[in-house]
Amino acid sequence: MDTLNSLKNKRILIAPFLVVTFALVLALFALNTLFLQSATKRTEQNLLRLAHSGAETIYLLGSNPSLEAFDNFADAYAEDGHFRVTVIALDGTVLGDSLLSLEEVRNIENHANRPEILLAKESGMGISRRFSDTLKIDLLYLAVRYSNQNSKGYFRVALPLNDLAHEKIKQQLALGTVGLFTLILAALLTWLASRHIVKLIKSGQMELEERVSERTKAIETLQTLGTQLTVCKTREEALEVVKLVSSILLPDFAGSIALYRNSKNQLEHKIHWNGDYVGEPVYAPDQCWALRTGHLHIGNPVEGTMVCAHTGESSQRMICVPLVAQGVTHGVLHLTLPEGAEMSPEMGKLTNAVAEHTSLALANLDLREDLRQQAIRDPLTGMYNRRYLMEVFDHELSRARRRQRQLGVLMIDVDHFKVFNDHHGHDAGDYVLGEIGLLIRKNIRREDISCRYGGEEFALLLPETSSAEALKLSEKLGELVRDHNFFFRGQNMGPVTLSIGVAAFPETASTVEELIKCADKALYKAKNSGRDQVAVWNDDV
């Protein structure tokens, strides 16, 4: 019985050990296979990065580089490295090789039919493992196709397969050592690992809760940004909202926004936050890499990415995001990274989110303004319409009354316009009305309000203008139109004349209706007196 119990105890002790040993062997076998595959893949990825990096920097050779320049570039690129670099032209001619002399490069056979070159020709990148007739060793080749403004061809990097095999052997030895050590300390490590796992779980839960809390707060802040931007009435108000929210979402980043001017050939700095703005106040679009590429640009001289010329800091890391919505580019969101700060993926997503909200808000404001202008502007003359006149008349009259200032009113009519239309046609009539509208708008003050009252009639509101001053302006406008050459389809449509009636607050009347009525009566007086003249309302009228 004791012997039987002893055997059972031994089985109970040995069984877990055997299970752990068997599991460990399987795990080591799987890990070995995985690591071998990983080592191969990592080697290929490293070669791919080297090839892409070389392909991206080969443009530094300038235009029409010599064979010696290509060969020196290959030597310099492969210096202190355990890899071979070859530069190959599109037709397969070898231009440079880090392991061959210039004379050997000139005499080496054409590489157009090499497997990796054929693959790179089709897909842009090719990999092959084969024996090198030149070096008499097995190599892992990786080639990428490059194209820049100076040259086109293939950039190939090769690594001896012996190096890869040595790395695999070292890896297997390391795995064996780890496996033996793991087997000896399996019980202790299991206990320690269980405690450590519990701690990690707790720590991970806390970190996850913190990240979820931060993400939730960021989402809520972005929602607030979107909500506020939808109700903004002007660009300035929208930019102030973006400034406030960006300071909360990206507190460590100095930011600014520049928007296109109406000419669309320059951008103008509009607002900044979290520090002084040291960049250009006005700059051309080609000074920003984000506008050139059409997407987010991270400038970091240390990593070989250019800093935008408009930033004013050639050595400081920066981010530019184009503000694009509905196919229209409105401007640029610019951020400057402080020393030591990292651009995490979350920060990148937040930056893009802020840019998207800002772009949509600007697009909506532009659309709203376009619709508003369509509702209040006369498309033929570019003047305001009668509806807008009646909206602003009360406002201007109230302001004149409050400030005890004068307000001039002009009613203008094109003489004999119906006869003109019947004789020359409506196209010519529309042309004449458009030209008159342009002449009027060019010769009044910025604060004056010009409207097309209806048909061939126009109305002008002249803040802080007396009857006498309004009379002078009327005579000037009449003379400008009378002397203007109205050429339409090669024919002079002139002479065209105006009849103008003048009224003013408070000299003439004190209400909108009375002022319009008085100006109208003065206009009829001018027409009845022979047209092509100005009449000022008075008691005789």
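Relevant structure appears above.
Everything in this summary refers to the structure shown in the same document. Every value quoted in this text rests on a predicted model; they were computed, and no experiment measured them. One numbering rule holds for all chains: residues counted from 1, following each sequence as written. Given that the model is predicted, a residue must reach a pLDDT of at least 70 before its local features are reported, and side-chain atom pairs must reach 80 or more before they are shown or counted; all residues, however, enter totals for whole chains, interfaces and linings. Hydrogens are left out, water is left out, and the side-chain values use all remaining heavy atoms of the structure.

## Quick look at the overall build of the protein
The cut-off we apply is this: Helix numbering and strand numbering both begin at the N terminus, where a helix is a DSSP run of H or I of at least 4 residues and a strand a DSSP run of E of at least 2. The buried label applies to any residue whose accessible area, calculated with a 1.4 Å probe on protein chains only, is under 20% of its type's maximum; exposed applies above 50%, and partly exposed to all values in between. Whether two residues are in contact is decided by their heavy atoms, any of which lying within 4.5 Å being enough. Only the protein chains shown count as cover for residues, with accessible areas throughout obtained via the Shrake-Rupley method and a probe of 1.4 Å.
When you go through the protein residue by residue, the secondary structure sums to 14 helices and 19 strands. Looking at the 541 residues of the protein, the share that counts as buried comes to 39%. In the protein, of all internal contacts separated by at least 6 residues, the share reaching a separation of at least 24 is 57%. When the accessible surface of the protein is summed, it comes to about 30,900 Å², and 55% of that surface belongs to carbon and sulfur atoms.

## Focus: the sheet that holds strand E19 (residues 534-536)
Convention followed: Whether two strands pair comes down to DSSP finding at least two bridges between them. Every axis in this analysis is a line fitted to C-alpha atoms, fitted for helices over the stretch in contact. Angles between the N-to-C directions lie between 0 and 180 degrees.
The strand order across the open sheet built from 6 strands is E12-E14-E15-E13-E18-E19, with neighbouring strands paired in mixed fashion. Only two strands of the sheet have a single partner each, and these edge strands are strand E12 (384-385) and E19. As judged from the 2 bridges shared by E12 and strand E14 (residues 449-454), these two strands associate in the parallel manner. Among the inter-strand pairings, Asn-385 is bridged to a residue of E14, identified as Arg-452. Contacting strand E13 (407-414), strand E15 (457-463), strand E18 (498-505) and E19, helix H13 (residues 467-483) runs over the sheet at an angle of about 165° to E18.

## Structural notes on the environment of Leu-296
Mapped onto the secondary structure, Leu-296 falls in the loop between helix H8 (289-293) and strand E9 (297-299). A relative accessible area of 24% places Leu-296 in the partly exposed class. In the structure, Leu-296 is positioned 36 residues away from Val-332 in sequence and 9.8 Å away in space, judged by C-alpha atoms. If sequence neighbours within four positions are ignored, Leu-296 has contacts with Ile-319, Cys-320, Val-321, Pro-322 and Asn-352.

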